[in-house]
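One letter stands for each residue in the lines below.
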Amino acid sequence: MPDHVLVAEGLSKRFSSGGQPVTVLTDLSFRLAAGESLALVGRSGSGKSTLLNLLCGLQNPDEGTVSVAGELFGKSGKPGSDERWAELRRRSIGVVFQQANLMPALSLVDNVRLRGHLAGHGAGGEREWLERLGVGPEAHRYPDQVSGGQAQRAALAMVFAMAPSVILADEPTGSLDRHTADEVADCLFAIQRDTGCALVLATHDRELASRCDHLLDLSAPHLNRTP
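Residues numbered from 1 in each chain as written. Predicted model: local features only at pLDDT ≥ 70, side-chain atom pairs only at ≥ 80, totals over all residues. Heavy atoms only, no water.

Trainee: Which parts of the structure should I look at to understand helix α5 (residues 148-161)?
Mentor: Owing to its 3.6 residues per turn, the α-helix brings residues three or four apart onto one side. With 14 residues, α5 extends 20 Å between its outermost C-alpha atoms, agreeing within 8% with the 20 Å of an ideal straight helix rising 1.5 Å per residue. Most of α5 sits inside the fold, with 12 of its 14 residues counted as buried. Turning to α5, its buried residues number three or more, namely Gly149, Ala151, Gln152, Arg153, Ala154, Ala155, Leu156, Ala157, Met158, Val159, Phe160 and Ala161. Of the surrounding elements, those touching the buried residues of α5 are β6 (93-96), α3 (108-118), α4 (126-132), β7 (166-170) and α6 (178-195). (Helix = DSSP H or I, 4+ residues; strand = E, 2+ residues; numbered from the N terminus. Expected span 1.5 Å × (residues − 1). Buried < 20%, exposed > 50% of the residue type's maximum accessible area, 1.4 Å probe, protein only. Contact = heavy atoms within 4.5 Å.)

Take a look at the structure:
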């Protein structure tokens, strides 16, 4: 049996709009083993970003549980849950946003070095990650001195430098042109396979989604299961 590093069981999430409950996710379950990838697709408002927030502890489910790297979480109220989630986000869960989340006062290499340090890793590999992602020559430039594609590659380098068990990517190529988006996606999938971390990718891009091992269409509740 595969060693599942990310497990969602019976997740449901509701919000209130105008005093009325709005259900976003209902009884959602899936399992991902190390090295596997899952694409989240669906129309805007179908719950892709909400699900990512549940998977990294930024929101709590109304029902169901999430297990990340052996840590089990359910509804809010358990003492220490927030601290445990924060530790997982620091060491085990890498998050990639549509816009590169870089500190503007730091060079690209210092951004990567800091992220690795916060995850408990020593200095020394940050330049290699930038080289592998094709932005080694820009290592000492600042975020406002590089292109959007170069900044997003540096953001990926930050995530891989922390050696995460799981990567959660929210439209990571959504702000890039097609050619640059394809190059960034190539880097993401190649290194994800090499490092063996699990990947959950939220995207409107069906071509990008087709590169994942599993597909979860949040617009079609009857399809909301993966192997």
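Trainee: Please clarify how the pairing of strand β4 (residues 63-68) should be interpreted in this entry.
Mentor: Working note: regular strand, side chains alternate between the two faces of the sheet. Where strand β1 (residues 4-17) lies against β4, five bridges are found, and the strand directions are antiparallel. By the bridge assignment, Ala8 is partnered in β4 with Val66. The pairing of β4 with strand β5 (residues 71-73) spans three bridges and is classified as antiparallel. Across the sheet, Val68 pairs through a bridge with Glu71, a residue of β5. Taking the residues between adjacent antiparallel strands as the criterion, β4 and β5 are bridged by two residues, where Ala69 takes a positive phi near 50°. (Pairing = 2+ DSSP bridges.)

Trainee: Can you help me understand the packing of aromatic side chains in this one?
Mentor: The relation between two aromatic rings is expressed through the spacing of the ring centres and the mutual angle of the planes. If you walk through the whole model with that rule in mind, you get two aromatic pairs. Between Phe73 and Trp85, the ring centres sit 4.0 Å apart and the planes meet at 20°, which makes this aromatic pair stacked. Of this pair, Phe73 sits in strand β5 while Trp85 sits in helix α2 (residues 81-91), and the two are 12 residues apart along the sequence. Trp85 matches Phe73 in its accessibility class, with the two residues each being buried. Ring centres of Trp129 and Phe160 lie 5.7 Å apart, and the angle between their planes is 20°; on these two criteria the pair is classed as stacked. With a gap of 31 residues between them, Trp129 in helix α4 and Phe160 in helix α5 connect regions that are remote in the sequence. Accessibility classification places Trp129 together with Phe160 in one group, the buried group. (Phe/Tyr/Trp six-rings, centres within 6.5 Å; stacked < 30°, edge-to-face > 60°.)

Trainee: Help me understand the sheet that holds β4 in this model?
Mentor: Sheet strands line up and pair through hydrogen bonds in the backbone, either parallel or antiparallel. Across the sheet, which stays open at both edges, the four strands sit in the order β2-β1-β4-β5 with antiparallel pairing between neighbours. Looking along the sheet, the strands with just one partner apiece sit at the ends: β2 (20-33) and β5. The mean inter-strand angle of the sheet, taken between neighbouring strand axes irrespective of direction, is 20°. When β1 meets β2, the two strands line up antiparallel, connected through 10 bridges. Following the sheet pairing, Lys13 is matched in β2 by Leu25. Contacting β1, β2 and β4, helix α1 (residues 48-55) crosses the sheet at an angle of about 60° to β2. The strands that α2 touches are β4 and β5; relative to β5, the one it contacts most, it runs at about 135°. (Axes fitted to C-alpha atoms, helices over the stretch in contact; angles between N-to-C directions.)

Trainee: Sorry, what's going on with the sheet that holds strand β3 (residues 37-41) here?
Mentor: Ordered in space as β6-β7-β8-β3-β9, the five strands form an open sheet in which the pairing is parallel. The open sheet terminates on both sides in strands that have one partner only, identified here as β6 and β9 (214-217). Geometrically, the sheet is characterised by an average inter-axis angle of 15° between neighbouring strands, direction not taken into account. Packing of α5 onto the sheet brings it into contact with β6 and β7, and relative to β6 it is tilted by some 175°.

Trainee: Quick question: what am I supposed to make of α6 here?
Mentor: Here α6 contains 18 residues, and its C-alpha end-to-end distance of 26 Å stays within 8% of the 26 Å for a straight helix at 1.5 Å per residue. Turning to α6, the residues buried within the fold contact β3, α4, α5, β8 (198-202) and α7 (206-209). If you check the start of α6, you find a side-chain oxygen 3.2 Å away from the backbone N of His179, and it comes from Asp177. Count one or two residues on from α6 and you reach Gly196, which has phi positive near 80°. (Polar contact = N/O pair within 3.5 Å; in protein donor to acceptor, adjacent residues only side chain to side chain.)

Trainee: Just checking my understanding: could you explain the packing of α3 against α5 for this structure?
Mentor: Think of two packed helices as two axes; the pair is described by the angle between the axes and how far apart they sit. Two numbers describe how α3 lies on α5: the axes approach to 8 Å, and their chain directions differ by 25°. Taken as axis vectors, α3 and α5 run roughly parallel relative to one another. The way α3 lies across α5 gives a crossing that is right-handed. When α3 is examined against α5, the residues Leu108, Asn111, Val112, Arg115 and Gly116 are found in contact with a partner set consisting of Ala154, Ala157, Met158 and Ala161. (Parallel < 35°, antiparallel > 145°, perpendicular 65-115°, else oblique. Left-handed = near helix turned anticlockwise from the far one by under 90°.)

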